[in-house]
Amino acid sequence: MHAWHLPESPGHYVWGEVTTPATGPGKVRVRVVASALNHMDLWLTTGLPKPPAFPHVPGNDVAGIVDEVGEGVTRWKPGDEVVVNTALVPEEALEMGLDSVLHPEMRLLGEHCWGGHGEFCTVDAHQLEAKPAGRTWAEAASYPVCATTAWRLLRRARISSDDTVLVTGIGGGVSTAALVLARHLGARVFVTSRDPRKRAIAMDLGAEDAFDSAEPYPVSADIVVDSIGPATWEYSIRTLRHGGRMCVCGGTSGPKVELNLPRLFFKQLDIIGASCGSQEEFRHVTALMAEGLPVVIDQIVALSRYPEALERLRAAEQIGKIV
């Protein structure tokens, strides 16, 4: 097949022929119709993380049509339209329910094994859900990582319609999904960004107000969804009310933060981290998509323009997903 792939890392993606992935027992090969970008696409080129083998095909978000099924697969047949859960776990992990993503053998599609920025992608049959009815292929490829991660964070944060939610650094996939999901659940939502354009778009999406990320936030929140990290951590923590929940899904400004321990225990704060989600959580979000949950798409581009799309992601120019 043809795919974008890394011949080495650190390195750059090239377009060319690689071996078409085979279907073994319990596996399904999907002909990719649409795939979406994530920051993992960029990190892989730096060797942080380094792919387990080369060549390596990236792509965490995948939607497509079943091409071939392996021995023992009964739920799917060629021609079925499907979406892939990015968090790959052995089938026995599904017995863990909402915690299946905590299984020690959990891997990420497009990081630990080949992903979807090519013509075909092969995964275990239990990783698939039917493409949500009434949604475009671009929409179907936009939600697996961002909406599932956002839902897992908000669910674990015990979100309710009485809560006030602050989403920092609006623009990325998870942050925009958190805004949409929190509003869908009836919460008040505020956002931050250094970019006035992104702040304006976020308010069009339902945010009550939007603040500059570089200044203290004039709001008190029950839940903060943060993907920035050290650059705004102090502002974010100070925003939380007593009993507040800090939900962390990224660290675009760096990997380390300082934590004031007395503030943590005297205010009785929770700090929650998540990346992707269980098959149950993915199934729940897929159902919400079928019901019409909005998904924010920044751009839809031809696969041949993948390098241009990567540069847009690197420059943080997007709001929502690049597909």
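Preceding this paragraph is the structure being described.
Here goes a summary of the coordinates provided.

Criteria and cut-off values
Residue numbering note: each chain is counted from 1, following its sequence as written. Only residues with pLDDT of 70 or above have their local features reported here, since the model is predicted, and side-chain atom pairs are shown and tallied only from 80 upward, although totals for entire chains, interfaces and linings are computed over all residues. Note that water and hydrogens are dropped before the side-chain values are worked out from all heavy atoms of the structure. By the criteria applied, helices consist of DSSP H or I runs no shorter than four residues and strands consist of E runs no shorter than two, each listed in order from the N terminus. Note on definitions: a residue-residue contact is assigned when non-hydrogen atoms from the two residues lie within 4.5 Å. Note on pairing: two strands pair once DSSP finds at least 2 bridges between them. Here an axis means a line fitted to C-alpha atoms, over the contact stretch when the element is a helix, while the angle between two N-to-C directions is reported on a 0 to 180 degree scale. Per-residue accessibility, obtained with a 1.4 Å probe over protein chains only, is compared with the maximum for each type, and a residue is labelled buried under 20%, exposed over 50%, and partly exposed between these values. Each angle receives one of four descriptions, namely roughly parallel if under 35 degrees, roughly antiparallel if over 145, roughly perpendicular if within 65 to 115, and oblique otherwise. For this classification, Asp, Glu, Lys and Arg are treated as charged, while Ala, Val, Leu, Ile, Met, Phe, Trp, Tyr, Cys and Pro are nonpolar and the rest, including Gly, are polar. When the near helix sits turned anticlockwise from the far one by under a right angle, the crossing is termed left-handed; a clockwise turn instead gives a right-handed crossing.

Relative to the helices and strands, R199 is located in helix α5 (residues 196–204). Contacts of R199, omitting those with residues within four sequence positions, involve S193, R194, A210, F211 and D212.

What holds strands together in a sheet is hydrogen bonding between their backbones, with the strands either parallel or antiparallel. Spatially, 5 strands are ordered β8-β3-β4-β5-β9 in an open sheet, and the strand pairing comes out antiparallel. This sheet does not close on itself; its edge strands, each paired only once, are β8 (120–124) and β9 (128–130). When the angles between neighbouring strand axes are averaged without regard to direction, this sheet yields 45°. Examined bridge by bridge, strand β3 (residues 27–36) and strand β4 (residues 61–69) share 8 bridges and lie antiparallel to one another. Counted as the bridge partner of A36 is D61 from β4. Taken strand by strand, helix α8 (residues 279–290) contacts β5 (81–84) and β9, and its axis lies near 20° from that of β9.

For the rest of this paragraph, the subject is the environment of G110. One can find G110 in the loop between β7 (107–108) and β8. We classify G110 as buried; its relative accessible area is 0%. Placed 63 residues apart in sequence, G110 and G173 show a C-alpha to C-alpha distance of 17 Å. When residues no more than four places from it in sequence are discounted, the contact partners of G110 are L44, H56, V57, P58, G59, N60 and G115.

Moving on, we come to the side chain of S100. Among the secondary structure elements, S100 is positioned in the loop between β6 (87–88) and β7. For S100, a relative accessible area of 2% gives the class buried.

Time to look at the packing of helix α1 (residues 39–46) against helix α9 (residues 306–314). It is the contact of α1 with α9, at a shortest axis distance of 9 Å, that shows an interaxial angle of 95°. Viewed along their axes, α1 and α9 adopt a mutual orientation that is roughly perpendicular. Taking contact as the criterion, the partners of H39, D41 and L42 in α1 are, on α9, Y306, L310, L313 and R314. Partitioning the contact of α1 with α9 into residue classes produces 4 nonpolar, 1 polar and 2 charged.

A few words now on the sheet that holds strand β13 (residues 221–226). Spatially, the 6 strands line up as an open sheet ordered β12-β11-β10-β13-β14-β15, and their pairing is parallel. The sheet is open, and its two borders are formed by β12 (209–211) and β15 (270–273), each paired with just one other strand. Neighbour-to-neighbour, the strand axes of this sheet turn through a mean angle of 20°, independent of strand direction. Two elements, strand β11 (residues 188–192) and β12, share 3 bridges in a ladder whose sense is parallel. The residue bridging F190 from the neighbouring strand is D209, located in β12.

Moving on: the packing of helix α3 (residues 144–156) against helix α4 (residues 173–184). The description of two packed helices rests on the angle between their axes and on the distance between the axes. The geometry of α3 relative to α4 is characterised by a closest axis approach of 8 Å and an angle of 55° between their N-to-C directions. It follows that α3 is oblique to α4 by the angle criterion. Seen along the crossing, α3 lies across α4 with a hand that is right-handed. Contacts between α3 and α4 involve C146, A147, T149, A150, W151 and L154 on the former and, on the latter, G173, V174, A177, A178, L181 and A182. Taken together, the residues that form the contact of α3 with α4 break down as 10 nonpolar, 2 polar and no charged.

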